[in-house]
Amino acid sequence: MMNSVSEQSFYIESDEEDHEKSDGNDSDSSHSSMGDRQESRPNSYQTSWPQSYRQSIDLYSSVQSPSIGILGASSLHRFTSSFLSSSLTQRHTPEVTKPLLPTAADEPHRRSSHSLLPPIPSRRSSIIKKAVSEHKPSKVSHEFPVSRGQSTYGQAVLNGTNVLCGVGILSTPYAVKEGGWVSLSILLIFAILSYYTGILLRRCLDSEPGLETYPDIGQAAFGKIGRCVISIILYVELYACCVEFIILEGDNLSSLFPNARLNLGWYELDSHHLFALITTLAVLPTCWLQDLSILSYISAGGVIASILVVLCLFWEGLVDQVGTYGEGSTINLTTLPVAIGLYGYCYSGHAVLPNIYTSMEKPNQYPAVLLTSFGICTLLYAGVAVLGYMMFGESTKSQFTLNMPQNLVASKIAVWTTVVNPFTKFALALSPVAMSLEELIPSRHLKSHLYPILIRTALVISTLLVGLVIPFFGLVMALIGSLLTMLVTLILPCACFLSIVRGKVTFFQGSACALVIAVGVVSSAFGTYSALSKIIERLK
């Protein structure tokens, strides 16, 4: 990232003041006044809960510049109220770091998302900022996370693929086992429909200035209630993903060390419970980090990790000749709804798509970025699903890594890659949920760093408890895919688009949205009922 956010005249006024003092150019004064009017114009979409969504999701989806701190450390106090109150009139320096929460002196700015993480310039003032930067080069070269107008085509594709191609790829062979070979057509259908709804989100963002995130779209469509409902759905989905990480770690580590035990005297922990507990203790300190940029930077390797695991599977199947290579079943109607949920989970990245679009240097490339990201992920999903089911047949488990022979080198690489990868993503997935709750902390407790630590600790422990109570990776994933992903990916984008555009909707658009909503509702109903019934049956 050669061009940082600050290099694009984040704080225009300070640069323009210096420029005016040095040469008194009237054109700079006019640019400054125009910029002031643009920046002083309130953005109603950033005054309602949650205001931290944009910045926290940017961390979750983008490659960041490494910078690290711990909650409660002295570095938290470097970002003082005097800087916050004069951020538009004083020069930004690289030494300034951001706090997790504003101090009491920052209360007037507490409801602005820009006080939580580095600010994001608005789309409406980008032209003015570009014009100013042409008059005077930036004097600051400090790197910030990729933000609006900075992300190239390649970075956008990487971010999109990294978000889409997650742990869902481990369960695609299991999805074929549950639904049969015919169910692979559902994967392709969901890919096409998800691409279409991703385009609809762009149309919603372009409908009026100030829209930047999925909650913003919800507010534009259905008011503040819509914003809150959509935000809660998105946060629950992220929380559920963290639960999946705990279950995944317990499953894979217990497969590596099946005889591990811990005797507490009054209770003995088996290998699954023990490693779930160890995983929780390991990720807990990462959730206390004040700045998750370094984790976001490392987690970008998730694409490489997914490809590596896929290559290990292909190596064992094609080179080591592992597996039965049986025909398998054509279709399983009784368990097909579970497969629907698993396939749906594979395209659960729509919460991040608005952030990717608004961060692109050339927004007109967004459809191509979407097509490339969805194409890469669909090919990976389909390839793993076909080969995995051919190799393991009806014995296919919820994660194909659990079927791989432990004595092969490729198996060890695949399992350990699967184990290590979630450690970098857990805190990033949980952080948006934690930050949204931290916004609700009463102002009289803003000086205390105890509350953020307690909130994050409670969230991490709760994911452990849920993961231990419902330790069924495939069924939990099917439930998330059916109940939450269908809403976020298929139903809500169409509903928001129809509400925002209203009278301007063409017959084709209306028909397409109605079809997508119908598919989403039916898939959600059958998939949720099937997953819940099987979970309840397993718990008995």
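All figures in this text were calculated on a predicted structure; none of them were measured in a lab.

*Asks:* Where do I start with the nonpolar core in this structure?
*Replies:* Nonpolar side chains in soluble globular proteins generally cluster together in the buried interior. Y343 and F426 are the most contacted members of the largest nonpolar core, which totals 118 residues. Setting aside residues no more than four positions away along its own chain, F426 makes contact with C242, F245, I246, V283, C287, V460 and T463. L256, A260, V415 and V419 belong to the second-largest nonpolar core, a separate cluster that totals eight residues.

*Asks:* How should I be thinking about empty space enclosed by the protein in this particular structure?
*Replies:* To find leftover empty space, one rolls a probe the size of a water molecule over the atoms. A complete count under the given rule lists nine cavities of 30 Å³ or more for this structure. As a volume, the largest cavity reaches approximately 330 Å³. Listing elements by their share of the lining of the largest cavity, those giving two or more residues are α6 (153–164), α9 (214–256) and α16 (409–438). Taken together, the residues that form the lining of the largest cavity break down as 14 nonpolar, six polar and two charged.

*Asks:* Help me understand the packing of helix α13 (residues 336–345) against helix α18 (residues 473–501) in this model?
*Replies:* Pairs of packed helices are described in terms of their axes, by the angle between the two and the distance that separates them. It is at 7 Å that the axes of α13 and α18 come closest, and there the two elements cross at 70°. One finds that α13 runs roughly perpendicular with respect to α18. Contacts between α13 and α18 involve P337, V338, I340, G341, L342, G344 and Y345 from the first element and G474, L475, M477, A478, I480, G481, S482, T485 and M486 from the second. Here the residues of the contact of α13 with α18 sort into 10 nonpolar, six polar and no charged.

*Asks:* Hey, could you run me through the side chain of S359 in this one?
*Replies:* With respect to the secondary-structure elements, S359 resides in the loop between α14 (353–358) and α15 (366–392). For S359, a relative accessible area of 3% puts it in the buried group. Among the polar contacts listed, one links the side chain of S359 to the backbone oxygen of I356, at a separation of 2.9 Å.

*Asks:* What exactly am I supposed to notice about a nonpolar patch on the surface here?
*Replies:* The grouping of L262, L264, W266 and Y267 at the surface amounts to a nonpolar patch, some 460 Å² of accessible area in total. Checked against the element boundaries, L262 lands in strand β1 (residues 262–263).

Parameters and conventions
Counting from 1, residues in each chain are numbered in the order their sequence is written. Per-residue local features of the predicted model are confined to residues with pLDDT of at least 70, and side-chain atom pairs are confined, for both listing and counting, to 80 or more; whole-chain, interface and lining totals are unaffected and use all residues. Based on all heavy atoms of the structure, the side-chain values leave hydrogens and waters out of the count. In plain words, nonpolar cores are sets of buried Ala, Val, Leu, Ile, Met, Phe, Trp, Tyr and Cys residues tied together by side-chain atoms within 4.5 Å. For each residue, the accessible area found with a 1.4 Å probe, counting protein chains only, is set against the maximum for its type, and the residue is called buried under 20%, exposed over 50%, and partly exposed in between. The contact criterion used is simple: two residues touch if any of their non-hydrogen atoms lie within 4.5 Å. A cavity, in this analysis, means grid points on a 1 Å lattice covering only the protein atoms where a 1.4 Å probe fits yet has no way out; a pocket is instead an open set bounded by protein on both sides within 12 Å along at least five of seven lines, and a residue lines either one if it has an atom within 4 Å of a point. Grid points are joined across faces, edges and corners, and a volume is the space filled by probe spheres set on the points. Only DSSP runs of H or I reaching four residues or more are called helices, and only runs of E reaching two or more are called strands; each is numbered from the N terminus. Residue type decides the class: Asp, Glu, Lys and Arg count as charged, Ala, Val, Leu, Ile, Met, Phe, Trp, Tyr, Cys and Pro as nonpolar, and the leftover types, Gly among them, as polar. Axis lines are fitted through C-alpha atoms, for helices just across the contact stretch, and the angle between N-to-C directions can take any value from 0 to 180 degrees. Throughout, the term roughly parallel applies to angles under 35 degrees, roughly antiparallel to angles over 145, roughly perpendicular to angles from 65 to 115, and oblique to all others. Think of a polar contact as two N or O atoms within 3.5 Å of one another; within protein, one of them needs to be a possible hydrogen donor and the other a possible acceptor, and neighboring residues in sequence only count if both atoms come from side chains. Residues enter a patch when their relative accessible area is above 30% and they make no salt bridge; the linking distance is 9 Å between like charges and 5 Å between nonpolar side chains (Val, Leu, Ile, Met, Phe, Trp, Tyr). Per-residue accessibility takes into account occlusion by the displayed protein chains alone, with areas from the Shrake-Rupley method and a 1.4 Å probe. Salt bridges are defined by distance alone: a side-chain nitrogen of Lys or Arg within 4 Å of a carboxyl oxygen of Asp or Glu.

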